[in-house]
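Examining the three-dimensional arrangement
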Amino acid sequence: MSDNGHKDVPVVVHTNVSTVHTDPAAIDEMAVAAGKESTGFGPDGSVEGFRQSRTLPLRVELVRQLRRRRTQFLLSFLVVLPFLLWAAFEFGSSDNARRSGGFVDLATASAPNFVVFILFATGSFLLPMIVALFFGDTIASEASWSSLKYLLSMPVPRQRLLRQKAISSGLLSLLCLVLLPAVALAVGIVFYGTGEAVSPTGDAVSFEDSMLALVFSIAYISVNLLWVAALALFLSVTTDAPLGAVGGTVLVSILSQILDQITALGDLRDYLPTHWSFAWSDLIATDIDWSNMTKGAFSAITYAAVFFFLASRRFRTKDITS
């Protein structure tokens, strides 16, 4: 009943059902658009704007590794080492015994010889240990800190995480392999001059040619240590203990060097990963023999391919929730 005494008359609104849009394709399009607007997810279920290629940038990982005290200490040690060796020659030996033969006794003959000596002195243990340290620590340390599962849940795809970590470790290892001879060359030029590189066989290589030989030597050493990098990476994804991954790799390298000294093994020694470690010394000659370096590079790449494959396969199924 209204205020004026009349009854309210209901108003009936007629809707033309034919005006409702019933196109199935349009309805699906509207639903997808509404879903994107409300949830922010793409058709594949990922968040809008997410790109796997943008996760864990290489620059970020490199900066993070360079800020670690372990890396800073190692780089500082490589800078100081040539000065320590120079001091050992300067104050620990007489001038008459310096050039009695061998790369050790020829170390002070010239700057190139000083670099060659340092590469010889560090090639058996220090250089493999450096590569093993960077690659063996890269995944195992994240697991030991319990941060690996958080990296993967950001989300960083497993294979991308492994690849970025491996590239970062490789660049840092290469930095060390270049830094040591570079500092040694600078020290050698200052104290021993830019003379010829003299080999134990009596070959003399000019300073300019010796610089090119040293560049190729460092390149060969880098390739030859690929098997160490791959083995360390495989052990790094296998264990959660960084020391175990690094120590295991160094132990295998030492064991291979010991077996290589057993002449009774004959040609079987050719299959040891460390058998061709010093083939780069053939570059310090007037007539260079490339055969040993070719065998060494092929051996290292073969071993590296196997261990990198095993590391990738193992990490793909690794339990990172513990």
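Computed from a prediction, not measured in an experiment: that's the story for all the values here. (Residues numbered from 1 in each chain as written. Predicted model: local features only at pLDDT ≥ 70, side-chain atom pairs only at ≥ 80, totals over all residues. Heavy atoms only, no water.)

Going through the model one piece at a time under the given rule, you end up with six salt bridges. The salt bridge partner of Glu-61 is Arg-64, with a shortest N-O separation of 3.6 Å. Taken together, the positions of Glu-61 and Arg-64, both in helix H2 (residues 58-66) and three residues apart, correspond to about one turn of that helix. Relative accessible area serves as the criterion here: at 2%, Glu-61 is assigned to the buried category. Residue class for Arg-64 comes out partly exposed when judged on its relative accessible area of 31%. Notably, a salt bridge pairs Arg-64 with Glu-142, separated by 2.5 Å at the nearest N-O pair. Placement of the pair is Arg-64 in helix H2 and Glu-142 in helix H6 (residues 126-144), with a sequence separation of 78 residues. Each of Glu-61, Arg-64, Glu-142 and Lys-165 takes part in salt bridges that share partners, so that together they form one network. (Salt bridge = Lys/Arg side-chain N within 4 Å of Asp/Glu carboxyl O. Helix = DSSP H or I, 4+ residues; strand = E, 2+ residues; numbered from the N terminus. Buried < 20%, exposed > 50% of the residue type's maximum accessible area, 1.4 Å probe, protein only.)

Looking now at the layout of surface pockets. Its volume calculated, the largest pocket comes out at about 260 Å³. When residues of the lining of the largest pocket are traced back to their parent elements, those giving at least two are helix H5 (111-123), H6, helix H9 (207-224), helix H10 (226-238) and helix H11 (242-260). A per-element tally of the lining of the largest pocket places H11 first, with three residues. Looking at the lining of the largest pocket residue by residue, the classes come out as 11 nonpolar, nine polar and one charged. Looking at the second largest pocket, its volume works out to about 160 Å³. Around the second largest pocket, the lining residues are Ala-204, Val-205, Asp-209, Leu-212, Ala-213, Phe-216, Leu-283, Ala-285, Thr-286, Ile-288 and Trp-290. Elements represented by at least two residues in the lining of the second largest pocket include exactly strand E2 (204-205) and H9. The dominant element in the lining of the second largest pocket, judged by the number of residues it contributes, is H9, at four residues. Grouping the amino acids of the lining of the second largest pocket by side-chain chemistry returns nine nonpolar, one polar and one charged. (1 Å grid on protein atoms, 1.4 Å probe; cavity = no way out; pocket = protein on both sides within 12 Å on 5 of 7 lines; lining within 4 Å. Points joined across faces, edges and corners; volume = space filled by probe spheres on them. Nonpolar A, V, L, I, M, F, W, Y, C, P; charged D, E, K, R; others polar.)

Attention shifts here to the packing of H6 against helix H8 (residues 158-192). Helices that pack against each other are described as a pair by the angle of their axes relative to one another and the distance between those axes. Contact geometry of H6 with H8 gives a least axis separation of 9 Å together with a crossing angle of 155°. In this view, H6 runs roughly antiparallel relative to H8, as classed from their interaxial angle. Note on packing geometry: the crossing formed by H6 with H8 is right-handed. Taking contact as the criterion, the partners of Leu-127, Ile-130, Val-131, Phe-134, Phe-135, Thr-138, Ile-139 and Glu-142 in H6 are, on H8, Leu-162, Lys-165, Ala-166, Ser-169, Gly-170, Leu-172, Ser-173, Cys-176, Leu-177 and Leu-180. (Axes fitted to C-alpha atoms, helices over the stretch in contact; angles between N-to-C directions. Parallel < 35°, antiparallel > 145°, perpendicular 65-115°, else oblique. Left-handed = near helix turned anticlockwise from the far one by under 90°. Contact = heavy atoms within 4.5 Å.)

Mapped onto this numbering, the UniProt entry annotates "transmembrane region" (unreviewed entry) at residues 73-94, 114-135, 170-192, 212-234, 241-259 and 296-312. The span residues 114-135 is 91% helical and 0% strand by assignment, and the distance between its end C-alpha atoms comes to 29 Å. Spanning residues 212-234, this segment combines 96% helix with 0% strand, and its end C-alpha atoms are found 34 Å apart. (UniProt positions renumbered as here; feature names shortened; annotations may be inferred.)

Quick look at helix H3 (residues 69-92) now. For H3, spanning 24 residues, the distance from its first C-alpha to its last is 32 Å, which sits close to the expected 34 Å at 1.5 Å a residue. Along H3, the largest kink reaches about 30° and is centred on Val-80; proline Pro-82 follows within four residues of it. Taken as a whole, H3 has its buried residues at Arg-70, Thr-71, Leu-74, Leu-75, Leu-78, Leu-81, Pro-82, Leu-85, Trp-86 and Phe-89. (Expected span 1.5 Å × (residues − 1). Bend = angle between axes of the 7 residues up to and from the residue.)

Mapped onto the fold, Ser-168 is located in helix H8. Residues in contact with Ser-168, not counting those within four places in the same chain, are Leu-58, Glu-61, Leu-62 and Gln-65.

This paragraph deals with the confidence of the model for the protein chain. Taken over all residues, the pLDDT of the protein chain has a mean of 83, while the share at 70 or more is 75%. Taken element by element, the predicted model of the protein chain shows its lowest mean pLDDT in helix H1 (residues 24-39) (49) and its highest in H9 (97). Scored below 50 in pLDDT, residues 41-47 makes eight contacts in the model with residues more than four places away or belonging to other chains. Long-range and interchain partners of residues 96-100, a stretch whose pLDDT sits below 50, account for 12 contacts in this model, where long-range means more than four residues apart. (pLDDT = per-residue confidence, 0-100.)

Moving on, we get to the nonpolar core. The biggest cluster of nonpolar side chains holds 65 residues, and the ones touching the most others in it are Phe-114, Ile-130 and Phe-135. For this core, the secondary structure elements donating two or more residues are H3, H5, H6, H8, H9, H10, H11 and helix H12 (291-316). Excluding anything up to four places from it in sequence, Phe-114 contacts Pro-82, Leu-85, Trp-86, Phe-89, Ala-107, Ala-184, Val-187, Gly-188 and Tyr-192. (Core = buried A, V, L, I, M, F, W, Y, C linked by side-chain atoms within 4.5 Å.)

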